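# Secondary and tertiary structure notes
This is what each chain is made of:
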Amino acid sequence: MTVHELPGTGPVLGIWAHPDDEVYLSGGLMAAARDSGRRVVCVTATRGEHGTADPQRWPPARLARVRTAELRASLAALGVTEHHHLDLPDGDCAAAPFDAVVARLSAIAAEVRPEVVLTFGPDGFTGHPDHRIVSAWAGATRDLAAPRARLLYARGTADFFDTWRDLYARLAMFDGDDLPARARNDELAVELHLDDAAADRKLVALRAQATQTADLLAMLGEDTMREWACRVETFVDAVPANDYIAGC
Ligand SMILES: [Zn+2]
């Protein structure tokens, strides 16, 4: 199986829904791109203000503040300094006017001129409705404002989900019986295997978002967290690469 290098050499634009999506799905890629001198710009649709099982302790305004600071620290650990919040409502992104959101994203994309756009697939990876609509916005943004950019969807392989089957059964994180979407090994556009140093750096970035990761780290243990969440990042092309090249 071919192990693919980082996609392209130019700017990378990541478009995600909640603080922590970006580090779980692309933290290693972002850090490697920054290390090689590339511009990396990250957009987060919401502040994740409802991302808690204990809203008494974490009322939305407080959680938004804390997650904003956590995200900044997390991205800093990866060397990413350019970030935009869209400030859309956590859990209700789909209620935002589609064209208006795409216009905001397009203004960012027009300035960044990304060679690569990273986002969720239409499945939303976990199936979260915010993830699904963000995928649609990112696709529309690429088409409108960065038509030559390569659009990559974060997607795990069947092998990966088989390896971690028991863990996913415990976490119950997928919002749909048809999930997760599984990539075939031969359709991967990007397959990053993080070495120990890169995986540890990603672990630092995950730890920085403690409101989302502290309980998980305590439950799984650091070693499992590193192997499961930090070792591998995989993406597929939004359209087959040959079609993409032909369409340019
Ligand atoms: Zn999310």
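Everything discussed here concerns the structure shown above.
Residues numbered from 1 in each chain as written. Predicted model: local features only at pLDDT ≥ 70, side-chain atom pairs only at ≥ 80, totals over all residues. Heavy atoms only, no water.

### A short note on the coordination of the zinc ion
Threshold: Listed donors are limited to N, O and S atoms within 2.8 Å of the metal, widened to 3.2 Å for Na, K and Ca; water is not among them, so incomplete-looking sites are possible. Each label reflects the angles at the metal, where four donors whose angles all fall between 85 and 135 degrees are tetrahedral, four or six donors whose opposite pairs open beyond 155 degrees and whose other angles stay between 65 and 115 are square planar or octahedral respectively, and the rest are irregular. Where helices and strands are cited, they refer to DSSP runs of H or I of at least four residues and of E of at least two residues respectively, numbered from the N terminus. Buried residues are those whose accessible area, probed at 1.4 Å on protein chains only, stays under 20% of the maximum for their type, while exposed residues exceed 50% and partly exposed ones sit between those limits.
In the first shell of the zinc ion, the protein supplies His18 (ND1), Asp21 (OD), Asp21 (OD) and His131 (NE2), at 2.1 to 2.6 Å from the metal. Angles of 53 to 133 degrees at the metal separate the four donor atoms of the zinc ion, which places the site in the irregular class. Mapped onto the sequence, the donors of the zinc ion take the spacing H-x2-D-x109-H. With Asp21 in helix H1 (residues 21–35) and His131 in helix H4 (residues 129–145), this pair connects stretches of sequence that are 110 residues apart. Accessibility expressed as a relative area gives 7% for Asp21, which makes it buried. Here His131 falls in the buried class, since its relative accessible area comes to 5%.

### Examining the packing of aromatic side chains
Formally: Classification of ring pairs uses Phe, Tyr and Trp, with its six-membered ring standing for Trp, and accepts pairs whose centres are within 6.5 Å; under 30 degrees between planes counts as stacked, over 60 as edge-to-face, and the remaining range as tilted. We call a charge positioned over a ring when the NZ of a Lys or the CZ of an Arg lies within 6 Å of the ring centre and within 35 degrees of the ring normal.
Overall, the coordinates contain nine aromatic pairs when judged by the stated rule. With a centroid separation of 5.0 Å and an interplanar angle of 90 degrees, the aromatic rings of Trp16 and Phe120 are classed as edge-to-face. Within this pair, whereas Trp16 is found in strand S1 (residues 12–16), its partner Phe120 is found in strand S4 (residues 116–120), the two being separated by 104 residues in sequence. Looking at Trp16, the relative accessible area reads 1%, which means it is buried. Assessed through its relative accessible area of 0%, Phe120 is described here as buried. Every member of this aromatic cluster is reached through a ring pair, and the members are Tyr24, Phe125, Phe160, Phe161, Tyr168, Phe174 and Trp228. The aromatic ring of Trp58 is capped on one face by Arg62, whose charged end is 4.2 Å from the ring centroid.

### What to know about the nonpolar core
As a reminder of what qualifies: Throughout, nonpolar core names a set of buried Ala, Val, Leu, Ile, Met, Phe, Trp, Tyr and Cys residues whose side chains join them through atoms within 4.5 Å. Whether two residues touch is decided by their heavy atoms; if any such pair falls within 4.5 Å, the residues are in contact.
With 72 residues, the main nonpolar core has Trp137, Met225 and Trp228 as its most contacted residues. Ignoring sequence-local partners within four residues, the contact set of Trp137 consists of Ala45, Leu88, Cys93, Ala96, Phe98, Val101, Val102 and Leu105.

### Re helix H7 (residues 196–208)
The condition is simple: An expected span of 1.5 Å times one less than the residue number is assigned to each helix. As used here, the arc is the angular range of directions from the helix axis to the C-beta atoms.
A rise of 1.5 Å per residue sets the reference length of H7, with its 13 residues, at 18 Å; its end C-alpha atoms lie 18 Å apart and thus fit the reference within 8%. Buried within H7 we find Ala199, Lys202, Leu203, Ala205 and Leu206. Each buried residue of H7 lies within a common arc of 160 degrees when the element is viewed along its axis, so the set occupies one face. On its buried face, H7 sits against H1, helix H2 (60–77), helix H8 (210–220), helix H9 (222–230) and strand S7 (232–237).

### Structural notes on the packing of H2 against H7
As a reminder of what qualifies: To obtain an axis, a line is fitted to C-alpha atoms, over the contacting stretch when the element is a helix, and the angle between two such axes runs from 0 to 180 degrees between their N-to-C directions. Working rule for angles: under 35 degrees goes down as roughly parallel, over 145 as roughly antiparallel, 65 to 115 as roughly perpendicular, anything else as oblique. Here the nonpolar group is Ala, Val, Leu, Ile, Met, Phe, Trp, Tyr, Cys and Pro; Asp, Glu, Lys and Arg are the charged ones; every other residue, Gly included, is treated as polar.
Interhelical geometry of H2 versus H7 gives an angle of 170 degrees and a closest axis separation of 8 Å. Classified by the angle their axes make, H2 and H7 are roughly antiparallel. Touching Glu70, Ala73, Ser74 and Ala77 of H2 are Arg201, Val204, Ala205, Leu206 and Ala208, all from H7. A per-class count over the contact of H2 with H7 returns six nonpolar, one polar and two charged.

### A look at the pattern of salt bridges
The following threshold applies: Each reported salt bridge corresponds to a side-chain nitrogen of Lys or Arg within 4 Å of a carboxyl oxygen of Asp or Glu.
Throughout the structure, instances matching the rule amount to 15 salt bridges. Across the salt bridge formed by Arg142 and Asp143, the nearest N and O atoms sit 3.0 Å from each other. Between Asp237 and Arg150 there is a salt bridge, with its nearest N and O atoms 2.7 Å apart. Placement of the pair is Asp237 in strand S7 and Arg150 in strand S5 (residues 150–154), with a sequence separation of 87 residues. Residue class for Arg150 comes out partly exposed when judged on its relative accessible area of 22%.

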